[in-house]
Structure formats: C-alpha cells, structure tokens
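Results of the structural survey
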Amino acid sequence: MNICEMTALEISNAVKNKEISVKDAVDAFFAAIDEYDGKYHCYNTLCKKEAYERAEEVQKGIDSGKYNGRLTGVPIGIKDNICTKDILTTCSSKILENFIPTYNATVVNRLNDEGMVIIGKLNMDEFAMGSTTETSATGVTHNPWDTDKVPGGSSGGAAAAVAARLSPVALGSDTGGSIRQPCSFCGVSGLKPTYGAVSRYGLVAYASSLDQIGPMGKTVDDCAALFSVIQGKDEKDGTSMVYPKFDFDKAVKGDVGGKKIGIPEDYLGEGISPDVKDAVLAAADIFRANGASVETFKMPIVKYAIPAYYIIACAEACSNLSRYDGIKYGYSSPNADTLMETYVKTRSEGFGMEVKRRIMLGNFVLSSGYYDAYYNKAKKLIQNAFYDAFKKYDMLLGPVAPTTALKIGESLSDPLKMYLGDIYTVMINIAGMPSMSVPCGFDKDNMPIGMQIIGKPFEEAEIMSAAKAFENVTDFHNKLPDLG
C-alpha cells in the first residue's frame, strides 16, 4: 500500500478501518518530503515534532470515538500565510522570517477539530504577490511536471506538493487566482470559495476584500471534503457569512444534466494558447454529452479585468503592509540608527521587489484621487457583469490561464506579462463568486491544462458536482508527474 498515492478520503478510511495508523500516514509523507522536496522546494517549514505528537493524539481520539470525520487522520500542508500557533508563519518574506504566531487561524482550529495533522507550511510568492512562486524569499518552487517551469502562484508550493504526492491535500489562499492558476499548472484541483464562505481570521492579509482560503487536492471529492471542514460562519471574522450548510453529498454526486453553461467569448480571444483553447472547448463537448447545454456569450468587461484588479489589490495591499515597520514584530533592520531609518531600512531590506512594486502602485492609486473615481466603480462594473450572466446561466466555463506553465524566469522578468496571465481569474475575486479549477487536458509538451467552473454565490456544491461529472468520464486527474 503506497499511502502517498492514495486520496485524502482513502487515507482517512484506511486509518479509521485500522488498515494503517495515523503515524503510518505521517511517516509516509515525511519520507516522501525528505526524498523529493530538495528538488521541488514545496515546504518552507516542516512540523515533524508537532506532527508526530498530534498523530499520537489523533490516534487516541479515533480509538476513543472523539474523531470520526471524513478527513480524520489525514496529513495536510498549509500555505505559509495562514497563522499557526507556535509554528513559523513567514509569508515567504524576509520581513517575517522570525514570526511565530501566538494563535491559530480559524481554519487551522477547524482542521484540528476534524482530527487532521499539519505536517508543514508551504512555499508561496512573498505576501501572495506573484503568479509563479518565484518572488519567495526562501527560493523558487519547481513544477513537478517539469522542474524548469514554474508551478504557478501564489499558492505554488501547495499545488506542487499535492501534484508531487508530498501532501494529500493542502490549504491555499486566492486573491486573484492564487489557488486556481497553480492547480491548473500542476494538474490538480482547487476551489476558490465565495467571499465570506471561509473565515479569513488568521490569514495574513494581501487585499482584504479579495482574499479567500480554499482547498486543493487530487480530486473533486477531496476538495469537497476539505471545504466542508473549513467553511462556515466565524464570529472572529466580520466578513464571514451565515448561509446554508455546504451539501457534500450534492457536491460529489457528479450531475450536470439540465444545467445551462455559458462560456464568455472574450475568454477565448487573442492571447490564449491554442492547446488551452482546444482543451476547454473539448470539455464543453463533454458537458454537452452529459446533458448540459453549453453556449458562448459576450462579456466585454473582461478587457477591464486586469486594470480593475490591480487598482483594487494594490490599494489594499499598501494599506495592509504598512504594519510591517520594524517596530511591532518581524524583521527590524540592524543598520538603522534613528526611528525614521528603522522604518525605511526595514522595509527596503525586508520586502522583495514585487511587493515594493505593488506598494508603490497602491500608494499612487490612493494618493492620486483614484479611489472614488475607479476603486468602487471597478468593483460594481464587474459584479454587475456576472450577475447579468447568471440571470441566464447556471454556471460559467472558461480557461484558468491563457497558457500552461511558463519557464522559470520568463514572466518574472516582465511584470506586465505576469499580470496579464491573471486575466481569467481576477474578476471572480472582484465579484466574490466561487470558482473551481479542474484538470482538463495536456499541451503538446505534456504540461497540464486546467479549466474553471464559475458559480453563483454560495453554490460551491453546484460547481463541484459539475466538476465531478467531468472527472467521472475523464482521466486527467489520475495522471501524475514522474518524480524520477
């Protein structure tokens, strides 16, 4: 039995049926990490001591009947911007290189309540700013399908870990595609939930009106199970909402019959790779064959997606990052002699170039009178475009990214090119809608292609059921990279 090849649900069932122990599962993933993570750099921090203590505690809880959840006994890696009590949380930034939170994020407490075992903190773009996991201060993460290529970002460490079988499932965060795009590049599945469906308490903020924590896994079922653990109202997060409980059984039913699916024509125009376009259109044919009606429609607002997103995200980022000043916590420059030098040198030395670029963009937006003129207007325009589309369609279908994974260094040297790669994902965050990335093919170089299924607010079960219907009749999710 190769535990690392099993899905999260299979691992939990094996643990609860006493075919393996929780320690066996933890052993298997730490052994895989020790063997392969030097090649991929998925993890920033390993929690071996804490994980083995937790494995013993969970095993006793299973034996006593305390833990009996869908994912009880399952190891999990979590993105390094989600706070973990007494465990480093660095956001892959020098400025937080020594930050050890005194509390858990709400999602971490919910993992613990389920009887899961955190095995490590996963690499990411610094403060989630980037689409390649190259802006990390701890080093680049490599794509398990081709180590010369990026895994995507900012949750690149999480997607690469799931693809390389170094974690059965993972938690990422998505501000403008940071779960869906790396899932597409690495050939795994991931969900960006509705804004307010999952608590952001304990998530280090990038852009507070856009950020959402979500599940990543090998299959739709694993993502649905993990989402069912972390979703729900949290009194510690004023933006989390009360809504009907997520229906796991509906999510994994795999039914798309009678659904009306729309594909924005503007998603398939200039700039998209022919391989990606063909894979998405082939997926549309599969949905038609399974009882859905699929048609294209015009959504011209797409051309405003990138400027609108970067106005909003950078404005919020520069405000959120003002707290890192070398005084309260985190890195403080040893080269400063005065208070002002402490502020300037700490931020100059502690932040990487991409973070500095977005802080400057944000300050420009806020200081030039653009807030009222553009910030609120941008959000309303895009939200209204989606609400109009959902008057006619049950869900929308499109690519996740215009290309497959790029070579390391290719887009980081051209920031505008990196920003334009977010064109299909950022609008969903602005509108607050849920969207699921699912593997749907491979390009001519055998690199994974992902599609996204976009749903109405709090209809995660609907889009997951459609994704499951696709998964039931295709084999893309079962294909794994050769780790060599």
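Here's what I pulled together on the structure shown here. Bear in mind the structure is a predicted one, so any value in this text is a computation, not a measurement.

So, how was this worked out
- Residues numbered from 1 in each chain as written.
- Predicted model: local features only at pLDDT ≥ 70, side-chain atom pairs only at ≥ 80, totals over all residues.
- Heavy atoms only, no water.
- Helix = DSSP H or I, 4+ residues; strand = E, 2+ residues; numbered from the N terminus.
- Rg over C-alpha atoms; globule rule 2.2 N^0.38 Å.
- Buried < 20%, exposed > 50% of the residue type's maximum accessible area, 1.4 Å probe, protein only.
- Contact = heavy atoms within 4.5 Å.
- Areas by Shrake-Rupley, 256 points an atom, 1.4 Å probe, with all protein chains shown as cover.
- Lys, Arg positive; Asp, Glu negative; His and termini not counted.
- Charge placed at Lys NZ, Arg CZ, Asp CG, Glu CD.
- Salt bridge = Lys/Arg side-chain N within 4 Å of Asp/Glu carboxyl O.
- Pairing = 2+ DSSP bridges.
- Axes fitted to C-alpha atoms, helices over the stretch in contact; angles between N-to-C directions.
- Parallel < 35°, antiparallel > 145°, perpendicular 65-115°, else oblique.
- Nonpolar A, V, L, I, M, F, W, Y, C, P; charged D, E, K, R; others polar.
- Core = buried A, V, L, I, M, F, W, Y, C linked by side-chain atoms within 4.5 Å.

**Side note on the overall build of the protein**
What the protein contains, in helices and strands, is 16 helices and 11 strands. Its C-alpha radius of gyration of 21 Å places the protein within 12% of the 23 Å reference for a compact globule of 484 residues. Counting across all 484 residues of the protein, residues that qualify as buried make up 63%. A fraction of 76% describes how many contacts in the protein between residues 6 or more apart in sequence connect residues 24 or more apart. Put simply, the protein shows about 17500 Å² of open surface, and 51% of that area lies on carbon and sulfur atoms. If you average the places of the 50 positive and of the 60 negative side-chain charges in the protein, the two averages end up 4 Å apart.

**So, the pattern of salt bridges**
It is possible for side chains of opposite charge to pair when their charged atoms get near one another. For the structure on display, the rule yields 20 salt bridges. Ionic pairing is found between K23 and D27, a salt bridge with its closest N-O pair at 2.9 Å. Here the residue K23 and the residue D27 both occupy positions in helix α2 (residues 22-40), the gap between them amounting to four residues, near one helical turn. Between K468 and D221 there is a salt bridge, with the nearest N and O atoms lying 3.1 Å from each other. Of this pair, K468 sits in helix α16 (residues 460-472) while D221 is found in helix α7 (residues 220-230), placing the two residues 247 residues apart along the sequence.

**Some details on the pairing of strand β6 (residues 212-217)**
Working note: regular strand, side chains alternate between the two faces of the sheet. Most of β6 sits inside the fold, with six of its six residues counted as buried. Side chains Q212, G214 and M216 project from β6 onto one buried face, and the interleaved I213, P215 and G217 project onto a second face that is buried too. The pairing of strand β5 (residues 189-192) with β6 spans two bridges and is antiparallel. By the bridge assignment, S189 is partnered in β6 with G217.

**Considerations on the packing of helix α4 (residues 106-114) against α7**
Here α4 crosses α7 at 110°, and the two axes come no closer than 8 Å. Between α4 and α7, the interaxial angle falls into the category roughly perpendicular. Contact residues: α4 offers V107, R110, L111 and E114, while α7 offers L226, V229 and I230. Of the residues belonging to the contact of α4 with α7, the class tally is five nonpolar, no polar and two charged.

**Some words on the nonpolar core**
As a rule of thumb, nonpolar side chains are buried together in soluble globular proteins. By size, the foremost hydrophobic cluster in this structure holds 150 residues, and its most contacted members are L111, F127, L171, F287, F386, M451 and M464. Filtering out sequence-adjacent residues up to four positions away, F386 remains in contact with Y267, M299, L396, M427, I428, A431, M433 and I454.

**Topic: the sheet that holds strand β11 (residues 448-454)**
Taken together, the 11 strands give an open sheet; going across it, the order is β1-β3-β2-β4-β6-β5-β10-β11-β9-β7-β8, and neighbouring strands pair in mixed fashion. Strand pairing shows two members of the sheet lacking a second neighbour, β1 (43-46) and β8 (293-297), which therefore form its edges. Taking the axes of each pair of neighbouring strands and ignoring which way they run, one obtains an average angle of 30° across the sheet. Sitting on the sheet, α4 touches β2 (75-79), β3 (117-122), β4 (169-174) and β6, and the angle it makes with β2 is about 180°.

**Focus: the packing of helix α10 (residues 305-320) against helix α12 (residues 353-367)**
Following both chains from N to C, one finds α10 and α12 inclined at 100°, their axes separated by 7 Å at the closest point. Looking at the two axes, α10 sits roughly perpendicular to α12. Residues Y310, I311, C314, A315 and C318 of α10 form the contact with α12, whose own contacting residues are R358, I359, L361, G362, N363, V365 and L366. Here the residues of the contact of α10 with α12 sort into nine nonpolar, two polar and one charged.

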